[in-house]
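Residues per chain, in single letters:
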Amino acid sequence: MGGVSERDDWAQQALAALQRAGRRRGSARGAVVEQLASLRCALGAREIDEGLRAAGQRVGLASVYRALAELEGLGLVRRVDVGDGTARYEPRRAEDEHHHHHLVCDHCGRVTPFTDAGLESAIARLSDRIDFSVDEHEVLLHGACASCA
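Described in the following lines is the structure provided in the data block. Keep in mind that what you see is a predicted model, and the values were worked out from it rather than measured. (Residues numbered from 1 in each chain as written. Predicted model: local features only at pLDDT ≥ 70, side-chain atom pairs only at ≥ 80, totals over all residues. Heavy atoms only, no water.)

**With respect to the pattern of salt bridges**
Move 1: All chains considered together, the criterion is met by eight salt bridges.
Move 2: The residue Arg 78 makes a salt bridge to Glu 136 at a minimum N-O spacing of 3.1 Å. Of the two residues, Arg 78 is situated in strand β2 (residues 77-81) and Glu 136 in the loop between α6 (117-129) and β6 (140-143); the sequence distance between them amounts to 58 residues.
Move 3: Judged by its relative accessible area of 47%, Glu 136 is partly exposed.
Move 4: With a closest N to O distance of 3.1 Å, Arg 88 and Asp 84 form a salt bridge.
Move 5: On the accessibility criterion, Asp 84 (41% relative accessible area) is partly exposed.
Move 6: Linked through salt bridges whose partners overlap, the residues forming this network are Arg 78, Glu 90, Arg 92 and Glu 136. (Salt bridge = Lys/Arg side-chain N within 4 Å of Asp/Glu carboxyl O. Helix = DSSP H or I, 4+ residues; strand = E, 2+ residues; numbered from the N terminus. Buried < 20%, exposed > 50% of the residue type's maximum accessible area, 1.4 Å probe, protein only.)

And the structure:
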């Protein structure tokens, strides 16, 4: 891919989309985009704010929420609700680049991404069997992580 990582590619696309939408590339939005680009899985606004603070960037929680709302409105992030009342966000990348699902520990709250080729095949077979074109899907499994089990 010409030396550009998936992370950098998404960040560049997100910043360009914000600019096309008339948004400044500036501090809070840029910091949130960079934080999101480095994610392996979904994080909430408070977790993103904490990550930014740990990196020495103080943008403010309200600015993080505003940036996430703008990014979601532009279709650049996906909102992931795991049932605990906290919205989490992750970059919306091309389906084949970073498609994963989530395991949620109902005891400690840990959210872990997972992929499973068999599950993807089963969803494709189900789509054929029920005569329904599945364009996008999200699987969320609740239970106990290894530490809590």
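**So, the sheet that holds strand β4 (residues 101-105)**
Move 1: The strand order across the open sheet formed by three strands is β5-β4-β6, and the pairing between neighbours is mixed. Looking at which strands have only one partner, the edges of the open sheet turn out to be β5 (111-114) and β6. If you compare each strand with its neighbour and ignore which way they point, the axes differ by 25° on average.
Move 2: Across four bridges, the pairing between β4 and β6 is parallel. Residue Cys 105 lies in a different strand from β6, and its bridge partner there is Gly 143. (Pairing = 2+ DSSP bridges. Axes fitted to C-alpha atoms, helices over the stretch in contact; angles between N-to-C directions.)

**Observations concerning the side chain of Glu 90**
Move 1: The topology assignment puts Glu 90 in strand β3 (residues 87-91).
Move 2: The exposure class assigned to Glu 90 is buried, which follows from its relative accessible area of 5%.
Move 3: Of note is the side chain of Glu 90, whose polar atom sits 3.1 Å from the side chain of His 100.
Move 4: Setting aside residues up to four positions removed in sequence, Glu 90 forms contacts with Cys 41, Ala 42, Leu 76, Val 77, Arg 78, Val 80, His 100 and His 102. (Polar contact = N/O pair within 3.5 Å; in protein donor to acceptor, adjacent residues only side chain to side chain. Contact = heavy atoms within 4.5 Å.)

**Brief notes about unusual backbone geometry**
Move 1: The residue Asp 131 is not glycine, and still its phi comes out positive at about 55°.
Move 2: You can see Asp 131 is positioned in the loop between α6 and β6.
Move 3: For Asp 131, a relative accessible area of 73% gives the class exposed.

Interpretation in functional terms is not warranted from these geometric data alone.
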